[in-house]
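Summary of structural features
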Amino acid sequence: MLRGGPVVQIGVILVSVLGLWVGARLLVDAAVRAARRFGLSELTIGLTIVAIGTSTPELSVAVDAAYKGLGDIAVANVLGSNIYNVAFVLGVISLFRVIPVAESLVSRDGVALLASTLLGGLVLFDLRVTRLEGALLVAAFVAYTAYLLRGTQTEADGATEQSADQSLGDGGVTRPITDRIDFPGRDAVFLAGGLALVVVSGDYMVLAASELARGAGVSEWVIGGTIVAAGTSTPEFAVSLVALRRGSLGVSVGNVVGSNILNITGIVGVAAVARPLAVSASALGTFAWLVAVTLLIVAALWTGRVLSRVEGAFFATSEVTRWILGLI
């Protein structure tokens, strides 16, 4: 129980968003430095380490909500975050600059994004996610990650990796202020501190969002799929904006694609393993929207290997429309 009225609850959500963003950034920065020491390629880091790091808020919220028996918030947060990522984040980014994409990112990771989305829908079709289904989802994500980490690079990959090198090498998405702070055990401290901040912030966000939903007469599914989803997607948005500023547009797309694959497989899977999930029938409508947006974004990237400003405006507007329809 979180004491206080709607103003207090909204304030807690805003502070939680800040905590989730800062915690995720600390995790990402420390993890990427560690990955470099193990010789992972920059492209692989972007698609795995950065994506995993920016998805830690969704993981924290989903697992915490699952333990509290709030299946709607756990799953709505994931589906809503995925819609927000591909529609609003990529849409807004493309309004600033047309996004060119390497063929491999579409043909390999775009297919993986579609496949993982459909797999998540298949599992959610009966409005329940059992521990066995959760384990299968986690296994699917592990298999995808293992495939990436095999390090098989094609010539097409080189174009995207060169973009990633420019971003990560010149301070793009992984060299912020934390790189200027150096002391023994720095990365271990940042990893532990970032994880603690994400877990605590996620716990308070779930409490505040559920109280706000009950007090306002809005369903937990709507709150989880809009306000909580946007809050937990702030790291993805931040990373994509920084990548845009550094001219690394491939990283902007790779971060979103990797995060969405993790969300629908690994995060829903881990939450269900922690405690089986039960969701309302609203999940089917939200999932249908997610499938439509995912199909359209992959098709847009496939045709011409770019996301134009017109297409970006369409996707961003679609997300604003979803919020309006959900909250009225």
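Conventions used here
Residues numbered from 1 in each chain as written. Predicted model: local features only at pLDDT ≥ 70, side-chain atom pairs only at ≥ 80, totals over all residues. Heavy atoms only, no water. Salt bridge = Lys/Arg side-chain N within 4 Å of Asp/Glu carboxyl O. Buried < 20%, exposed > 50% of the residue type's maximum accessible area, 1.4 Å probe, protein only. Helix = DSSP H or I, 4+ residues; strand = E, 2+ residues; numbered from the N terminus. Patch = residues over 30% accessible without salt bridge, like charges linked within 9 Å, V, L, I, M, F, W, Y side chains within 5 Å. Areas by Shrake-Rupley, 256 points an atom, 1.4 Å probe, with all protein chains shown as cover. Polar contact = N/O pair within 3.5 Å; in protein donor to acceptor, adjacent residues only side chain to side chain. Contact = heavy atoms within 4.5 Å. Phe/Tyr/Trp six-rings, centres within 6.5 Å; stacked < 30°, edge-to-face > 60°.

An unreviewed UniProt entry lists the protein under the name Calcium/sodium antiporter, with Haloferax sp. Atlit-48N as the source organism.

1. Observations concerning the pattern of salt bridges
This structure, assessed with the given rule, holds three salt bridges. Linking Lys 68 and Asp 64 is a salt bridge whose minimum nitrogen-to-oxygen distance equals 2.7 Å. Lys 68 gets classed as partly exposed once you look at its relative accessible area, which sits at 36%. Overall, Asp 64 belongs to the buried group, its relative accessible area being 16%. With a shortest N-O distance of 3.0 Å, Arg 108 and Asp 109 are connected by a salt bridge.

2. With respect to the environment of Ala 281
Mapping Ala 281 onto the fold places it in the loop between strand S3 (277-278) and helix H12 (282-302). Taking the relative accessible area as the measure of exposure, Ala 281 reaches 54% and is therefore exposed. Placed 155 residues apart in sequence, Ala 281 and Asp 126 show a C-alpha to C-alpha distance of 9.0 Å.

3. Side note on a nonpolar patch on the surface
On the surface, a nonpolar cluster with roughly 280 Å² of combined accessible area is contributed by Leu 95, Phe 96 and Leu 241. With respect to the helices and strands, the residue Leu 241 is situated in helix H10 (residues 234-245).

4. Some remarks on the side chain of Thr 286
For Thr 286, the position within the fold is in helix H12. In terms of polar contacts, Thr 286 uses its side chain to reach the side chain of Trp 221, at 2.8 Å. Aside from chain neighbours lying at most four places away, what touches Thr 286 is Leu 79, Ile 83 and Trp 221.

5. Some points on the packing of aromatic side chains
Using the criterion set out here, one finds three aromatic pairs in the structure. Ring geometry for Phe 88 against Phe 237: centres 5.9 Å apart, planes inclined by 80°, an arrangement best described as edge-to-face. Here Phe 88, found in helix H4 (residues 71-96), pairs with Phe 237, found in helix H10; they are 149 residues apart in sequence, far enough to count as distant. For the pair Phe 314 and Phe 315, a centre-to-centre distance of 5.4 Å together with 70° between the ring planes defines the contact as edge-to-face. Taken together, Tyr 84, Phe 88 and Phe 237 form an aromatic cluster joined through their ring pairs.

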